Amino acid sequence: GTCGGATAGTVAGAVPALLTFGLSLPAGAVLGGGVGGCLGAAAGALSGLVSGGASGGVAYRYRAEISDGAAHVKVKALRAKEIAVEKAQELQTEAKVLAGSAKAHAGGTVNSVSHATSEAAE
């Protein structure tokens, strides 16, 4: 609004510029910019009021459906969490089994190497 008003004010100030020695150009820009800024702010406030009121009215009208939808999303999210926890526990158990198997295998290898080393030393 301010830029458009300043431009319009400068153009309007061009007509009397010959009589005012060019001083009407910046004066028109200042006045036009001020008026444009005020009108732009008023238009923005009015459009915000109208759109906010409309969206609030729609939200109020469909508040039960919105609440049901939110509850449905919450239930699905909690179920997804339960599934993820179950899967994580299964993977943890599987990892423990594999680690124990690898540890037993490695321990047997270390014991046999240790036993062979002690026999060679004797």
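See the structure above.
Criteria and thresholds
- Residues numbered from 1 in each chain as written.
- Predicted model: local features only at pLDDT ≥ 70, side-chain atom pairs only at ≥ 80, totals over all residues.
- Heavy atoms only, no water.
- Phe/Tyr/Trp six-rings, centres within 6.5 Å; stacked < 30°, edge-to-face > 60°.
- Lys NZ or Arg CZ within 6 Å of the ring centre and 35° of its normal.
- Axes fitted to C-alpha atoms, helices over the stretch in contact; angles between N-to-C directions.
- Helix = DSSP H or I, 4+ residues; strand = E, 2+ residues; numbered from the N terminus.
- Left-handed = near helix turned anticlockwise from the far one by under 90°.
- Contact = heavy atoms within 4.5 Å.
- Nonpolar A, V, L, I, M, F, W, Y, C, P; charged D, E, K, R; others polar.
- Expected span 1.5 Å × (residues − 1).
- Buried < 20%, exposed > 50% of the residue type's maximum accessible area, 1.4 Å probe, protein only.

Caption draft 1: Looking closely at the packing of aromatic side chains. All chains considered together, the criterion is met by zero aromatic pairs. One cation-aromatic arrangement involves R63 over Y60; the distance from NZ or CZ to the ring centre is 4.1 Å.

Caption draft 2: Representation of the packing of helix α1 (residues 2–14) against helix α2 (residues 24–61). Running from N to C, α1 and α2 cross one another at 145 degrees; their axes reach a closest spacing of 6 Å. As for how α1 packs across α2, the hand of that crossing is right-handed. For the pair α1 and α2, the contacting residues are T2, G5, A6, G9, T10, G13 and A14 in the first and S24, L25, G28, A29, G32, G33, G36 and G37 in the second. Tallied by class, residues from the contact of α1 with α2 come to four nonpolar, eleven polar and no charged.

Caption draft 3: α2, seen in detail. In this model, α2 (38 residues) spans 54 Å end to end at C-alpha, consistent with the 56 Å of a helix rising 1.5 Å per residue. All of the buried residues in α2 are S24, G28, G32, G33 and G36. Against the buried residues of α2 lie α1.

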